There are 2 protein chains.
Amino acid sequence: MPGPPRVTLDDVARRAGVSTATASRALGDHPHVAAATRARVREAAEALDYVASPEATRLAGGPTGRVAVLVPHPSRWFFGELLEGLEAALRAADLDLVIFRVGGPEERAAFFARLPARRKVDAVVVLAFAVDELEHARLASLGVDVVAAGGRVASYPSVGIDDHVAGRQAMDHLVHLGHRRIGMIAVGDTQRSGAGPSGKDVGCLAPEPDGRTSAWRAALGDAGIAPDDELVVTVPWGGEGGADGMARLLGLRSPPTAVFAHDDETALGAIRTLRRAGLRVPEDLSVIGVDDHPLAALTDLTTVAQPVRAQGRRAGELVVAALRGELADGLPPAELLPTRLVLRGTTSPPGAPR
Amino acid sequence: MPGPPRVTLDDVARRAGVSTATASRALGDHPHVAAATRARVREAAEALDYVASPEATRLAGGPTGRVAVLVPHPSRWFFGELLEGLEAALRAADLDLVIFRVGGPEERAAFFARLPARRKVDAVVVLAFAVDELEHARLASLGVDVVAAGGRVASYPSVGIDDHVAGRQAMDHLVHLGHRRIGMIAVGDTQRSGAGPSGKDVGCLAPEPDGRTSAWRAALGDAGIAPDDELVVTVPWGGEGGADGMARLLGLRSPPTAVFAHDDETALGAIRTLRRAGLRVPEDLSVIGVDDHPLAALTDLTTVAQPVRAQGRRAGELVVAALRGELADGLPPAELLPTRLVLRGTTSPPGAPR
DNA sequence: CACCGACCCGCAAGCGCTTCCAGAGTCGTT
DNA sequence: AACGACTCTGGAAGCGCTTGCGGGTCGGTG
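Residues numbered from 1 in each chain as written. Chains lettered and ligands numbered in written order. Predicted model: local features only at pLDDT ≥ 70, side-chain atom pairs only at ≥ 80, totals over all residues. Heavy atoms only, no water.

**Side note on the environment of R217(A)**
Residues and elements named next belong to chain A. Note on placement: R217 falls in helix α9 (residues 211-222). Residue classification places R217 among the partly exposed positions, given a relative accessible area of 38%. As a C-alpha pair, R217 and G312 span 95 residues in sequence and 30 Å in three-dimensional space. Each residue touching R217, except ones within four places of it in the same chain, is listed here: P227 and D229. (Helix = DSSP H or I, 4+ residues; strand = E, 2+ residues; numbered from the N terminus. Buried < 20%, exposed > 50% of the residue type's maximum accessible area, 1.4 Å probe, protein only. Contact = heavy atoms within 4.5 Å.)

Shown next as structure tokens:
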């Protein structure tokens with residue numbers, strides 16, 4: 001399968017009647033190339049349907065035009081959405097996106113040990129997971145720019161949401177409705193959360209209070225309610241986790257009248273448990289999540305919406321800026337996109353139909 | 001950001017006391033290299049933590065080690081899952097996955113017009129969408145192998161499920177429960193469905209009866225029920241589409257007692273409409289979908305499960321085989337993975353509580 | 001004991017592109 | 001009118017690796 005005869009830069013140059021060097025400069029937007037010449041070369045390239053060989057470009061010192069993205073779970077809505085935004089932004093800048101799945105600890109270890117992205121990309125985007133010191137060092141050894149999206153990793157430019165604020169939006173809503181005993185289903189999946197909002201460390205492997213959980217505590221405190229740690233259960237990510245968490249909460253001597261779930265899928269799991277237990281939502285128990293997953297609208301779930309795709313897009317833009325060397329030095333920028341409470345049918349005042 | 005000083009093959013060769021050529025052959029498992037020499041070179045490479053520059057390797061005649069994947073909607077579970085399986089299979093073969101989003105017609109046109117993958121990849125994987133003749137030609141001009149996953153594209157090796165069989169599993173279940181008036185919510189999104197099961201054409205843009213819809217008709221026929229075309233509504237993909245479809249079905253003079261939705265998300269949308277209309281599921285109306293989306297389990301939705309990730313993985317394996325030139329000539333293989341009815345709580349005999 | 005393969009190995013020619021360096025014009029200035 | 005300062009372009013040297021080709025070595029034959 002030799003494919004069609006490849007068009008080389010020399011072909012373009014010849015057709016445009018210039019040298020290879022000039023052709024290269026013309027195509028590369030270098031200064032000191034007459035506008036007319038540049039146009040002629042462009043035209044020739046266009047006519048020949050020329051595409052530079054990434055290998056040769058890179059070998060000769062140029063950029064690869066590729067960026068790697070480290071994604072824990074491509075099949076989850078959150079990551080898919082992030083990926084979609086990222087791809088759009090990078091594609092607009094003519095960059096290709098190479099994906100590397102780093103799900104479980106083994107895959108993760110394998111990735112950082114072998115560093116398969118080595119010398120293949122110009123930048124790396126880390127999607128929503130904490131990076132420990134060792135990993136940070138390995139990444140640094142790649143010698144490329146790194147950007148984090150969907151979560152914060154101190155020391156890298158990043159874009160995400162303020163988990164604490166999002167958590168407050170959810171909790172305050174519950175508190176305003178009159179709930180006093182509010183449970184929280186936290187997710188222990190470190191893959192999912194980034195470093196804490198004030199995380200000074202490179203990463204956080206210890207389950208240091210994540211923003212959403214700290215919001216639970218703070219909201220309660222502000223309302224003059226003593227936080228009861230029994231009301232916080234930590235489960236693995238996913239619907240089943242949420243279901244388990246709810247079951248545990250229901251098993252308490254004094255169950256909550258409302259539950260703040262780490263995210264929508266967890267919330268949906270919690271709701272299934274409630275339904276199976278014969279409890280009505282929101283009459284008997286209110287539930288709120290975070291994300292505004294498309295299925296939240298379908299299941300009438302009250303939630304705190306976050307602009308996921310926009311986070312991906314913005315991260316892509318940061319990458320482009322970094323590659324152009326346009327990123328200001330000093331503190332890496334940490335952009336926080338706004339979240340918004342979306343009222344639907346799974347929350348109501350305690351003990352009262354909506 | 002120059003990164004660490006790179007170790008070249010020459011360094012390794014020098015350390016092993018051989019020429020670059022020999023070092024290359026030793027590392028590349030070529031014949032005609034003395035075992036002792038090979039060992040010495042290996043050792044030197046190991047000691048120096050040598051990693052070949054993929055660029056140089058490729059430039060010198062090798063393959064790129066990259067494969068492109070064309071995906072319509074990365075954020076949808078179905079595609080994410082496909083991607084995940086694909087990535088795993090390719091990574092195992094040391095191939096990188098470059099993603100190209102080809103959602104709307106414009107993006108699609110842009111992709112095929114610019115053919116950005118040209119010379120950048122060794123193969124292309126098309127995820128679950130039909131390819132028209134023009135596109136097929138463009139793809140062919142890339143001179144690379146093409147594989148389809150999650151849907152069939154005649155003329156390319158592919159892996160997917162038999163939509164007709166899956167549809168029959170769903171429909172037969174409904175028929176066996178005693179339903180006589182069964183509606184179908186089909187999805188008009190051509191992105192989602194591949195060519196019809198008997199598609200001889202390269203692609204199918206016209207909404208030729210897709211497998212699931214033909215199954216609706218066939219199952220009814222086999223049960224001695226005259227198919228009423230009024231009961232088939234076509235909607236755009238997604239929960240909202242499903243909700244609309246259900247509303248239309250409910251508006252019929254004689255509404256169905258059961259509904260077969262194209263997929264789980266559509267089914268979930270349909271259920272929302274039912275709930276809002278005050279109808280109970282499955283007591284008043286049964287609903288079944290296809291996919292076994294993780295949220296189907298959470299919402300207790302009866303469905304026909306399909307092994308999505310496996311489809312991706314298998315497609316990856318086909319790519320690897322193709323790259324090795326191991327694919328038998330002649331008819332491109334079209335693998336069909338099995339689907340399975342998953343009984344849950346949204347179906348029951350008509351007019352009777354479960 | 002001379003001769004022929006089989007085996008290994010080194011030399012060197014690229015793969016396609018970027019970039020340093022220098023040459024040839026073109027202007028503007030004193 | 002002459003000279004420096006630029007602007008634009010071409011020549012050529014790699015980037016790191018693969019591979020065809022030819023020259024040594026060695027063991028095995030007649």
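**Some points on the sheet that holds strand β3 (residues 123-127) of chain A**
Spatially, β11(A)-β5(A)-β4(A)-β3(A)-β1(A)-β2(A)-β2(B)-β1(B)-β3(B)-β4(B)-β5(B)-β11(B) is the arrangement adopted by the twelve strands of the open sheet, whose pairing is mixed. Bordering the open sheet on either side are β11 (334-337) of chain A together with β11 (334-337) of chain B, each of which pairs with just one other strand. Taken pair by pair, the neighbouring strands of this sheet meet at an average axis angle of 25°, ignoring direction. Of the strand pairs in this sheet, strand β5 (residues 158-161) of chain B and β11(B) are connected by four bridges, and their pairing is parallel. Bridging from a neighbouring strand, G160(B) pairs with L336(B) of β11(B). (Pairing = 2+ DSSP bridges. Axes fitted to C-alpha atoms, helices over the stretch in contact; angles between N-to-C directions.)

**What about the interface of chain A and chain B?**
Opposite the 55 residues of chain A that make contact, chain B presents 55 residues. In total, about 4900 Å² of surface goes out of reach between chain A and chain B, with carbon and sulfur atoms giving 53% of it. The closest approach of N and O atoms between K120(B) and D96(A), which form a salt bridge, is 3.0 Å. Applying the counting criterion to the chain A and chain B interface returns 17 residue pairs in polar contact (both at pLDDT 80 or more). Elements with a contribution of two residues or more to the side of chain A that touches chain B: α4 (54-59), α5 (77-92), β2 (96-101), α10 (239-250), α11 (264-276) and α12 (294-298) of chain A. Here the side of chain A that touches chain B gets seven residues from one element, more than from any other, and that element is α5(A). Here the residues of the side of chain A that touches chain B are counted per class, giving 20 nonpolar, twelve polar and 23 charged. Here three bridges tie β2(A) to strand β2 (residues 96-101) of chain B, and the two strands are oriented antiparallel to one another. (Buried area = accessible area lost by both parts, 1.4 Å probe. Salt bridge = Lys/Arg side-chain N within 4 Å of Asp/Glu carboxyl O. Polar contact = N/O pair within 3.5 Å; in protein donor to acceptor, adjacent residues only side chain to side chain. Nonpolar A, V, L, I, M, F, W, Y, C, P; charged D, E, K, R; others polar.)

**Details of unusual backbone geometry**
Backbone torsion omega between V281(A) and P282(A) reads 5°, so that peptide bond is classified as cis. Looking at where P282(A) falls in the secondary structure, it is placed in the loop between α11 and β9 (286-291). One non-glycine residue, D292(A), lies in positive phi territory at about 65°. Turning to its location among the elements, D292(A) is positioned in the loop between β9 and α12. One non-glycine residue, D300(B), lies in the positive phi region at around 60°. Considering the arrangement of structural elements, one finds D300(B) in the loop between α12 (294-298) and β10 (302-305).

**Points about the side chain of D96(A)**
Looking at the secondary structure, you find D96(A) in strand β2. For D96(A), the side chain forms a polar contact with the side chain of K120(B), separated by 3.0 Å.

**Digging into α5(A)**
The α-helix winds at 3.6 residues per turn, so residues separated by three or four positions along the chain end up facing the same way. Residue and element names in this part refer to chain A. Helix length check: α5 (16 residues) gives 23 Å between terminal C-alpha atoms against 22 Å at 1.5 Å per residue, within 8%. Burial analysis of α5 places 13 of its 16 residues in the buried class, the great majority of the element. A positive backbone phi angle near 65° is found at D94, which sits one or two residues after α5. (Expected span 1.5 Å × (residues − 1).)

**A few points about the relation of the copies chain A and chain B**
The two copies are related by a screw motion: chain A maps onto chain B through a turn of 180° and a shift of 0.2 Å along the axis, at an RMSD of 1.1 Å. Classification of the inter-copy transformation places it as that of a two-fold axis. Of the C-alpha atoms belonging to chain A, the one lying closest to the rotation axis is found on E55(A), 1.2 Å away. Take the interface residues of chain A: 95% of them recur as interface residues in chain B, which is what a same-surface contact looks like. (Least-squares fit on C-alpha atoms with pLDDT ≥ 70 in both.)

**A look at the protein's contact with DNA strand C**
Close to DNA strand C lie 25 residues, the nearest being L9(A), S24(A), Y50(A), T22(B) and T37(B). When the atoms of DNA strand C within 4 Å of the protein are grouped by moiety, sugar and phosphate amount to 68% of the total. Within the side chain of R25(A), a nitrogen or oxygen atom sits 3.3 Å from a base nitrogen of DNA strand C. At 2.7 Å from a base oxygen of DNA strand C is found a side-chain nitrogen or oxygen belonging to R25(B). When residues in the surface near DNA strand C are grouped by element, the largest group, four residues, is from helix α2 (residues 20-27) of chain A. Along the lines of polarity and charge, the residues of the surface near DNA strand C split into twelve nonpolar, ten polar and three charged. (Near = heavy atom within 4 Å.)

**Some words on the layout of surface pockets**
All names here are of chain B. Quantified by volume, the second largest pocket comes out at close to 1000 Å³. As for the second largest pocket, its lining consists of 33 residues, and the residues nearest its centre are V51, A52, S53, P54 and T57. Looking at the lining of the second largest pocket element by element, the count peaks at five residues for helix α4 (residues 54-59). (1 Å grid on protein atoms, 1.4 Å probe; cavity = no way out; pocket = protein on both sides within 12 Å on 5 of 7 lines; lining within 4 Å. Points joined across faces, edges and corners; volume = space filled by probe spheres on them.)

**Section: the protein's contact with DNA strand D**
Near DNA strand D lie 24 residues; those nearest to it are S19(A), T37(A), L9(B), S24(B) and Y50(B). In the interface set of DNA strand D, defined as its atoms within 4 Å of the protein, sugar plus phosphate atoms amount to 63%. Measuring from a base nitrogen of DNA strand D, one finds a side-chain N or O atom of R25(A) at 2.9 Å. Within the contact set of DNA strand D, a phosphate oxygen lies 2.5 Å away from a side-chain nitrogen or oxygen of S24(B).

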